Amino acid sequence: MSATAASTAAKVPAGAEPGFTRHAAAEQPLEPLLEVENLRTLFPVRAGVFLRKIGDVHAVDGVSFTLARGRTLGLVGESGCGKTTVGRTILNLVPPTSGSVRFEGRNLSELSRREWRDVRRDMQIVFQDPMESLNARHTVGQILEEPFVIHKIGTTAERRERVARLLEHVGLQPSAAQRFPHEFSGGQRQRIGIARAIALEPKLIICDEAVSALDVSIRAQIVNLLLELQREMDLALLFIAHDLSVVKHVSDDVAVMYLGVIMEQAPSEEIYERPAHPYTRALISAIPIPDPRRKRQRIVLQGDVPSPIHPPPGCRFHTRCPFATDICKTVVPVWESVSPGHNVACHHWRKVVESGDVVGGP
Ligand SMILES: Nc1ncnc2c1ncn2[C@@H]1O[C@H](COP(=O)(O)OP(=O)(O)OP(=O)(O)O)[C@@H](O)[C@H]1O
Ligand SMILES: [Mg+2]
């Protein structure tokens, strides 16, 4: 399956939630920065005394998308659907089983160690819990200096100066360099995580649930910081989250994942206003609407998410899909175009769209 993220012009979302300031990008030719093609990452499952392999977890099972320079692709889906594994595989923290990742046109699996080290500077990650990713025994100054030390950039004095500028850049005092991560609040720690991610002026940041653990008001501040940095630095963001309402305000395009595959992808507003996959509709229907006078029919999915060790044949969603028919049980749906930039993998998407009655964003 293939999808083209950020292939449409950026728009300021209508009725954007107060507190979020997504800026409209100037129209310009969209150069692909990251191209993921048919990526599969399986984890072996072992059992018995001899730890024989008895199967595979199909964590990522044929994911394709393109992300243009300076744009944001939101990646959403229920827990365990493979979002983090997509991010980790792109960064080669987990080896792909098959498929390819191209960055600025270069196939990452063909790079030498040295070339990979250079590319890795351009691709950074911000995690959900900065406490886990920031070394608790190091001062913030040491943590932020580390990328410069690893890449042998600047003298000690120059590095200290860059750390001070980085801290200011993310809205912290330069004196924060002397303190330890545990002395900061969650939002401040996430600013430190972001400072570390932007230290080497990357071209892509993978934000893996980077704001999910934060209070709503702090979340808005961190999202705005990311968007400001994106504008300034022409950063591409792969924004992984459960929270669809945040993703909507951050992303140019949104991809919806289920059990290791992308089910639907579209420009952000389009996917909320005209979801064509029953799974996307169910996710959207679960977002609370802030206006008590408006109501939305909640679609409650039946059953549990099937095991990724034995994903269902045909359409993976058929076991929980209210639209499923016999064909869904045996035939994998192809990736079809609903409208420019909007694609879906569903046998019955036309019926889904015609049935109307979901939704509209919050
Ligand atoms: N190192 C690993 N070894 C074995 N299985 C793994 C490993 N990492 C992830 N998995 C499995 O792969 C599947 C996808 O996990 P992943 O963490 O990518 O999902 P996710 O969408 O990021 O979930 P969450 O929203 O909870 O963060 C899950 O079934 C998970 O248990
Ligand atoms: Mg995850």
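Above this text is the structure in question.
Asker: Even after reading the chapter, I still don't get the overall build of the protein, so can you show me in this structure?
Answerer: The number of helices and strands found in the protein is 12 helices and 12 strands. Of all 362 residues assigned to the protein, the portion counted as buried reaches 44%. If you take every contact in the protein between residues at least 6 apart in sequence, the share linking residues at least 24 apart comes to 68%.

Asker: Explain the environment of Glu-273 to me, please; I cannot follow it from the model alone.
Answerer: When you line up the elements, Glu-273 lands in helix H9 (residues 268–273). Residues Glu-273 and Ile-284, 11 residues apart in the sequence, show an inter-C-alpha distance of 9.6 Å.

Asker: Where do I start with the sheet that holds strand E4 (residues 98–103) in this structure?
Answerer: In a beta sheet, neighbouring strands pair by backbone hydrogen bonds and run either parallel or antiparallel. The antiparallel open sheet is built from four strands, whose spatial order is E2-E1-E4-E5. This sheet does not close on itself; its edge strands, each paired only once, are strand E2 (52–68) and strand E5 (106–107). Sheet analysis places E4 next to E5, joined by two bridges and oriented antiparallel. Bridge pairing in E5 links Arg-102 to Asn-107. Contacting strand E1 (32–47), E2 and E4, helix H1 (residues 83–90) crosses the sheet at an angle of about 75 degrees to E2.

Asker: I tried to follow the sheet that holds strand E11 (residues 336–339) on my own but got confused; where do I start?
Answerer: Strand order in the open sheet made by the eight strands is E6-E7-E8-E3-E9-E10-E12-E11, with mixed pairing throughout. Among the strands making up the open sheet, the edge pair consists of strand E6 (123–126) and E11. Each adjacent strand pair in this sheet contributes to an overall mean axis angle of 20 degrees, direction not counted. Sheet analysis places strand E3 (residues 72–76) next to strand E8 (residues 236–241), joined by five bridges and oriented parallel. Of the residues in E8, the one forming a bridge with Leu-73 is Leu-238. Seen against the sheet, helix H6 (residues 186–198) touches E6 and strand E7 (204–208) and runs at an angle of roughly 175 degrees to E6.

Asker: What is the right way to read the packing of helix H4 (residues 140–150) against H6 from this model?
Answerer: A pair of packed helices is captured by two measures, namely the crossing angle of their axes and the spacing between those axes. Relative to each other, H4 and H6 sit at 25 degrees, their axes nearing to 8 Å. By the criterion of interaxial angle, the relationship of H4 to H6 is roughly parallel. Like other packed secondary-structure pairs, H4 and H6 cross with a definite hand, here right-handed. Here Val-140, Ile-143, Leu-144 and Pro-147 of H4 come into contact with H6, specifically with Ile-192, Ala-195 and Arg-196.

Asker: So what exactly am I meant to see when it comes to the nonpolar core here?
Answerer: When a protein is soluble and globular, its nonpolar side chains tend to lie buried together. Ranked by size, the top nonpolar core spans 90 residues in total, and within it Phe-239, Val-256, Met-257 and Met-263 carry the most contacts. In contact with Phe-239, not counting residues within four places along its chain, are Thr-72, Leu-73, Gly-74, Leu-75, Cys-207, Val-247, Val-250 and Ser-251.

Asker: Whenever I open this one, the pairing of E8 confuses me. Can you help?
Answerer: For a regular strand, the rule is simple: side chains alternate between the two faces of the sheet. The buried count for E8 comes to six of six residues, which makes it a mostly enclosed element. Burial along E8 is two-sided: the residues Ala-236, Leu-238 and Ile-240 and Leu-237, Phe-239 and Ala-241 are all buried. Two elements, E7 and E8, share five bridges in a ladder whose sense is parallel. Opposite Asp-208, over in E8, you have Ile-240 as the bridge partner.

What counts, and at which threshold
- Residues numbered from 1 in each chain as written.
- Chains lettered and ligands numbered in written order.
- Predicted model: local features only at pLDDT ≥ 70, side-chain atom pairs only at ≥ 80, totals over all residues.
- Helix = DSSP H or I, 4+ residues; strand = E, 2+ residues; numbered from the N terminus.
- Buried ≥ 20, exposed ≤ 12 C-beta atoms within 10 Å, placed from the backbone.
- Contact = placed C-beta atoms within 7 Å.
- Pairing = 2+ DSSP bridges.
- Axes fitted to C-alpha atoms, helices over the stretch in contact; angles between N-to-C directions.
- Parallel < 35°, antiparallel > 145°, perpendicular 65-115°, else oblique.
- Left-handed = near helix turned anticlockwise from the far one by under 90°.
- Core = buried A, V, L, I, M, F, W, Y, C linked by C-beta atoms within 7 Å.

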